Every structure is written in structure tokens, then in C-alpha cells.
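# What the coordinates show
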Amino acid sequence: AQSVTQLDSHVSVSEGTPVLLRCNYSSSYSPSLFWYVQHPNKGLQLLLKYTSAATLVKGINGFEAEFKKSETSFHLTKPSAHMSDAAEYFCVVSSNNNDMRFGAGTRLTVKP
Amino acid sequence: GAGVSQTPSNKVTEKGKYVELRCDPISGHTALYWYRQSLGQGPEFLIYFQGTGAADDSGLPNDRFFAVRPEGSVSTLKIQRTERGDSAVYLCASSLTGTPGGTQYFGPGTRLLVL
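Here we summarise the structure given alongside this text.

Parameters and conventions
Residues numbered from 1 in each chain as written. Chains lettered and ligands numbered in written order. Predicted model: local features only at pLDDT ≥ 70, side-chain atom pairs only at ≥ 80, totals over all residues. Heavy atoms only, no water. Pairing = 2+ DSSP bridges. Helix = DSSP H or I, 4+ residues; strand = E, 2+ residues; numbered from the N terminus. Axes fitted to C-alpha atoms, helices over the stretch in contact; angles between N-to-C directions. Core = buried A, V, L, I, M, F, W, Y, C linked by side-chain atoms within 4.5 Å. Buried < 20%, exposed > 50% of the residue type's maximum accessible area, 1.4 Å probe, protein only. Polar contact = N/O pair within 3.5 Å; in protein donor to acceptor, adjacent residues only side chain to side chain. Contact = heavy atoms within 4.5 Å.

### Some points on the sheet that holds strand 3 (residues 19-24) of chain B
Residue and element names in this part refer to chain B. Taken in spatial order, the four strands make up an open sheet running 1-3-8-7, and their pairing is antiparallel. Two strands bound the open sheet, and with one partner strand each, they are strand 1 (5-7) and strand 7 (65-68). In this sheet, neighbouring strand axes are inclined to one another by 15° on average, regardless of whether the strands run parallel or antiparallel. Sheet topology places strand 7 next to strand 8 (residues 75-79); four bridges connect them, and they run antiparallel. Considered in strand 8, the bridge of Phe-65 is made with Ile-79.

### Considerations on the nonpolar core
By size, the foremost hydrophobic cluster in this structure holds 26 residues, and its most contacted members are Trp35(A), Leu48(A), Phe74(A), Leu76(A) and Tyr89(A). The biggest single contributor to this core is strand 10 (residues 87-94) of chain A, with four residues. In terms of nonpolar packing, the next biggest core, distinct from the first, is built from 20 residues, Val4(B), Phe49(B), Ala88(B) and Tyr90(B) among them.

### Let's talk about the side chain of Gln6(A)
All names here are of chain A. Mapped onto the elements, Gln-6 comes out in strand 1 (residues 2-6). Polar contacts involving the side chain of Gln-6 include one to the main-chain carbonyl oxygen of Tyr-89, which spans 3.0 Å. A polar contact is formed between the side chain of Gln-6 and the backbone nitrogen of Gly-105, at a distance of 3.0 Å. Setting aside chain neighbours within four positions, we find Gln-6 in contact with Arg-22, Trp-35, Tyr-89, Phe-90, Cys-91, Gly-103, Ala-104, Gly-105 and Thr-106.

Listed below in C-alpha cells is the structure:
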């Protein structure tokens, strides 16, 4: 069985400050982990993914995430938030099949 | 095409009616996935196709839901005797090979409202 828990349903930051979106996973196998972003009325877009290579994964738009097996975490970070980062973010786990399990999502608000 | 497309973008129907939702995957992608996203939740897996065959339909909630992909490209999700609880955004995704851990590319979704 596999699942993800996104620890915050809503995160609010000021423009130019760091972003941290937290994700913990549960998986019986070596997982693949993803972060997707969903802007209003737009499709889900892949930010980055971890597939057992380097534990620090760099994605698009300045986002990165670190796979920590000991903590079963895959938190998403960005050094400096931009207004355009405001969206819904989903952490996703996939094991040795094509069953992708999404977290409930974290809504990021960026204040000017 | 440039990306995954889904039609219609919005569908309003009455309880008990039949609906079809269409997905056009990225050209050349052999794997196709359907998800359902209810309000305030993450997408939930419904079914996965590899080519023309349904490789995993374990996410379909009941036998009112059915999906086909007859030529290994376009897919149609069919819902019979719709219920108000079927109201959600239905997302389609495709990936190049369907390899576990492969990137899935999502369409914009079809927003279904059952009155």
C-alpha cells in the first residue's frame, strides 16, 4: 500500500520569502515521488520527480525537493516566492506499478 | 498534438442520464490514465490503459463506469445512470511508455455536474 500526506492544506507566504510545502509518504517498495502544480482552470503540470537517482531533485521555476528515506519525506522548497507561484500543489507517490496516489493538496498563497 | 486534450471542458447533465467524456492523449503515448478529482481533494486513480487494453481498472468505483480505447489513442470514459455524487473534474493523462515512475502529462479536465 502507498499513500502521501501533505501536512498543510494551506500555506501563505510573502513575495520574496522562502516556500516550504511538506509531504510525507508511505510505500512498501522503493517509490517514485512527484510534485505537480495546478493553476486555476489549467491542467496539472509536473514540477519535479524523484526516481532513485540523486536525492536532491531540482525542478522547474526554481523549485526543488529532497528525498529523505529515514524521514519518509519529500518536502518541496523554493528560496524566493513569486506571485505567479500561487496555486495548488500535489505530492504524488508511485511504486512498482502505475498506481499514482495523490495527496490532498496544499494551496499556496503569495502575498505582495 | 501539443498536449493532452479533453472534451467537453464542462458537462451538465441530469441524474440518471448517460455521459461520455473524451480524451486525446499526446501523439505516440502508449499509456493513458483517467482520474477523478472531487472538490478540495487530490486526483483519484480510475483506470489505466496500455495500448488498447485496460491494464488496471481497479479504481473504477462501480459498474456504472466504463472506459474504452479501441485504437490505442483516443479514450472515452462512459458513465451510465449518473448520480449527483459523480460530480467532479475528470482528468486524463498520458505517458510515453507506461513505465512505472514515468512522467504523466495531464489534460485540463472535464468538469461534470450532475443535477
